[in-house]
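Chain residues, written in single-letter form:
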Amino acid sequence: MDAKALQDLLERPIATWENEVAELKQAGDGFSTDDIGRYFGALANEANLRNVEAAWLVFGVHDKTRRVVCTDYRPQPERLHALKMQIAENTEPRIGLRQIHELQHAGGRVVLPEIPAAPRGIPIAWKGHYYARAGESLVPLGLDKLDAIRQQTLAQDWTAQPVAGATLDDLDPSALEKAREAFARRHANRLDPAEVMDWPLATWLDRAHVTQHGRITRTALLLLGKARAAWRLSPHPALLTWKLAGPERAYAHFGPPFLLSTSALYQRIRNIQLRLLPQDYLARLGQASRQDINQLLLTKLSNALDARQKERKIGNLLTKPRRHGLIVNRGVDTAPRWQLVVPAEPGKRPR
C-alpha cells in the first residue's frame, strides 16, 4: 500500500471517530503487547460480523482529539515486525497481523497494523478469551455475537469451497494416482477402467467432484494436496494427530494428502487389547524365559514404540501378574524362568 493509499486510509477512522473496526491509540514504545492482542481479537471478530476484509489499529493518533501526535512504538523494523509472530502465538486459531504499515505523516510517524477479519464460522480468541467492541470500549464477546459467527457456516459445506490461487501443481502425484485407481475400480460396472485412466487430470477431478469446474477445492487440498500446499487452508489447521497415552507416551502429526496419511496414521493405532494371561502360555509350556516371552509379544506391540520402549512394556506386563502372586521367577534376575504359581491345597503353601 503506497503513501497516498495509507493517507486516505488514515483519514477515514479520524473522520468517523473510533468505531468497531478501528482503534486509535497514541501508543508509546512500551505499549502492552497483551493489550494489542485483546484489540486484535476484538477487531477481527467485529470485522467478520460487519463483513469487511480487515480492521485497523492506528498508532500515533490521540484518541480524544483525533490529532496525529507521532508514535515511537517499536521504531526498529525488526522489533516492529516481530509483533506479527507475538500475536499469532497467542491467538486461537493461530492467525496474525496481515501487515504492519508505516506512514510518515506531516504530524509525525503513524503505524497501522492491519488485522484480518476472523474466518467465517470461527471467532478469534486471545489467550483463551474472546473480545468484541461496544462503541469505543473493549468488552467480552457476547453470546449473541459468538453465536452469530459460529452459525455462519451451518448451511455451507466448508470443504466444497474453492481455494483462491490453488492450482493442479498443489496436488500430490502419488495421491492422485491412488485416488484415480480407486475411482476406476468403484465405477467399473459402468465405466471402462482403462478409459478412466486416460481421462485428462482436470476432467477426472471434476467428474469425481473433487474440483468444481476446474477450481481446486478444500476437499482437493485435504485429500490430495501436497504437504507444502497446506498453508493455503490457513487459518484452518490441516493436521491429523495420533497420540499414545499410558506408561509409554508418543505422538505423531500427519498432514495432507490425507488419502495417504490416514493409512500411515492407521498403522499407529493399537486395535487389540494385549493381556498377559499366564494360563493363554505358561500352563501349556510349564515355564518361559524372558527371551521366550519377548518372542511371543514383540511382534504384537505397536511399531510406534522403539526397541527400548517395547522391552519396558513387556516388563510392565510381567510385573502385574507377579505382584498378584500369579507367576513367579524360579530363575535369577539375569536369567529369569517364569512359572505359574500353583494354588496350594488347604493347609499347604503354594508351589
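Here, every reference points to the structure presented above.
To start, this report covers the structure provided alongside it.

Rules used in this analysis
Residues numbered from 1 in each chain as written. Predicted model: local features only at pLDDT ≥ 70, side-chain atom pairs only at ≥ 80, totals over all residues. Heavy atoms only, no water. Pairing = 2+ DSSP bridges. Helix = DSSP H or I, 4+ residues; strand = E, 2+ residues; numbered from the N terminus. Contact = heavy atoms within 4.5 Å. Axes fitted to C-alpha atoms, helices over the stretch in contact; angles between N-to-C directions.

Some words on the sheet that holds strand β6 (residues 125-126)
Pairing is antiparallel across the open sheet formed by 4 strands, whose spatial order is β3-β6-β7-β8. Each end of this open sheet is capped by a strand with a single partner; those strands are β3 (91-92) and β8 (137-140). One ladder, built from 2 bridges, connects β6 with strand β7 (residues 129-134); its direction is antiparallel. By the bridge assignment, A125 is partnered in β7 with Y130. With respect to the sheet, helix α2 (residues 33-49) is in contact with β3, β6, β7 and β8, its orientation differing from that of β7 by roughly 70°.

Some details on the sheet that holds strand β14 (residues 327-329)
Spatial ordering of the open sheet is given by β13-β15-β14, a layout of 3 strands whose pairing is antiparallel. Edge positions in the sheet fall to β13 (287-289) and β14, since each has one partner strand and no second. In this sheet, adjacent strand axes meet at a mean angle of 30° when their direction is disregarded. Two elements, β13 and strand β15 (residues 337-340), share 3 bridges in a ladder whose sense is antiparallel. Bridged to Q287 within β15 is Q339. Across the sheet, helix α11 (residues 290-297) is in contact with β13 and β15; its angle to β13 comes to roughly 85°.

Keep in mind these numbers describe shape, not what the thing actually does.
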